[in-house]
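Residues per chain, in single letters:
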Amino acid sequence: MPLPTIPSGNVFSSLPTGFNVDNSCRFNDADTPYFSKSFGTPSDGKKWTFSCWVKGGDLGNASPNSSRNLLGARIDSSNYTDLQFLSADRHMYILDYTTGGGGAYGKTTGILSLAYYRDPAAWQHLVWACDTSQSTDTNRLKFYVNGVHNTTVTANRYMDQNREITMNKSGATVDVGRSPAGYYYWDGYMAEVAFIDGTQYAASDFGEFDEDSPTIWKPKDFSGDVTFGNNGFYLDFKDSANLGNDANGGTDLSEN
């Protein structure tokens, strides 16, 4: 099934949306840029949503930085989560590793979209939405691209029910634009970056299809319609002197 499209170039100013996104942030991986924040006690460690608009730049494959992280969380080398475009083929991917969990060995969750996302000319809207309290394992982590729920995925292990992964744990260091391990730097643009603590939202909470061109997906103002929770944040990049400003009013992210 073809994905809905959005125009190349400046999608945010080219559509009569009633909501204009005026700012984005450019990441040059050679400069090793990222934003960082430490998480406290979550509103609900089983539920979270990450939404962002991206336009890829250098999607090269040079090891060891072959993957491109959009968001990562890390407590230590045995407890971490990465949301990324994976290596050469640019699949949408989540990797979570947690030690213990009822056994002597760690539990690894790796859920991979089988679709490719390699177009550097167009903006794309990406959503990862998690709720491990769901009884159906395939509903515990959902991928959306340009408003479409991508159900074509493969997993080496679906998340266990009621599992609290590192992405929304107290004490985790959370980085936007790289893995907190210190690699997988994003290269390209990001806009409208939002992390939601405590709710599994759908893509339709952050965007909508155009009335006159129903195959075109466009952003909408979500700031008053979602509950961010204790660890939630919203980067709108409106203040060039403070790009890490949390527009939701929480603690700002540090700029690196």
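Note that the structure is predicted; figures quoted are calculated from it, not measured.

Draft legend 1. Layout of the overall build of the protein. Counting its secondary structure elements, the protein contains 1 helix and 17 strands. Across the 256 residues that make up the protein, the buried fraction comes to 49%. Taking as baseline every contact in the protein between residues at least 6 positions apart, the subset at least 24 positions apart corresponds to 70%. When the accessible surface of the protein is totalled, it reaches about 10700 Å², and 43% of it is carbon and sulfur.

Draft legend 2. Structural context of the nonpolar core. The biggest cluster of nonpolar side chains holds 37 residues, and the ones touching the most others in it are Trp48, Phe50, Leu70, Ile94 and Trp128. Top contributing element to this core by residue count: strand β3 (residues 47-56), with 4 residues. Listed in part, the 18 residues of the second largest apolar core include Trp123, Ala129, Ile196 and Val226.

Draft legend 3. Fine view of the environment of Asn139. Here Asn139 is to be found in the loop between β8 (124-131) and β9 (141-145). Separated by 10 residues in the primary sequence, Asn139 and Ala129 have C-alpha atoms spaced 9.1 Å apart.

Draft legend 4. Fine view of the pattern of salt bridges. One pass over the full model with this rule turns up 7 salt bridges. Of the charged contacts in the structure, one is a salt bridge between Arg163 and Asp96, with a shortest N-O distance of 2.5 Å. Here Arg163 is found in the loop between β11 (153-155) and β12 (173-176), whereas its partner Asp96 is found in strand β6 (residues 91-98), with 67 residues between them in sequence. Under the relative-accessibility criterion, Arg163 is labelled buried at 9%. Judged by relative accessible area, Asp96 falls into the buried class, the value being 0%.

Draft legend 5. Just the confidence of the model for the protein, in detail. For the protein, the mean per-residue pLDDT works out to 86, and 85% of the residues sit at or above 70. Low pLDDT (under 50) marks residues 1-11, which in the prediction has 27 contacts with non-local residues, meaning those over four places away or in another chain. Every residue in residues 102-106 is under pLDDT 50, and counting partners more than four places away or in other chains gives 5 contacts.

Draft legend 6. Just the pairing of strand β13 (residues 188-197), in detail. The buried count for β13 comes to 9 of 10 residues, which makes it a mostly enclosed element. When strand β1 (residues 25-27) meets β13, the two strands line up antiparallel, connected through 3 bridges. Pairing of Phe27 across the sheet is with Gly188, part of β13. With 8 bridges connecting them, β3 and β13 associate as antiparallel partners. The partner of Ser51 across the bridge, within β13, is Ala194. For β13 and strand β16 (residues 233-235), the ladder comprises 3 bridges, and the chain directions are antiparallel. Residue pairing in the sheet places Phe195 in a bridge with Phe233 of β16.

Thresholds, definitions, all that
Residues numbered from 1 in each chain as written. Predicted model: local features only at pLDDT ≥ 70, side-chain atom pairs only at ≥ 80, totals over all residues. Heavy atoms only, no water. Helix = DSSP H or I, 4+ residues; strand = E, 2+ residues; numbered from the N terminus. Buried < 20%, exposed > 50% of the residue type's maximum accessible area, 1.4 Å probe, protein only. Contact = heavy atoms within 4.5 Å. Areas by Shrake-Rupley, 256 points an atom, 1.4 Å probe, with all protein chains shown as cover. Core = buried A, V, L, I, M, F, W, Y, C linked by side-chain atoms within 4.5 Å. Salt bridge = Lys/Arg side-chain N within 4 Å of Asp/Glu carboxyl O. pLDDT = per-residue confidence, 0-100. Pairing = 2+ DSSP bridges.

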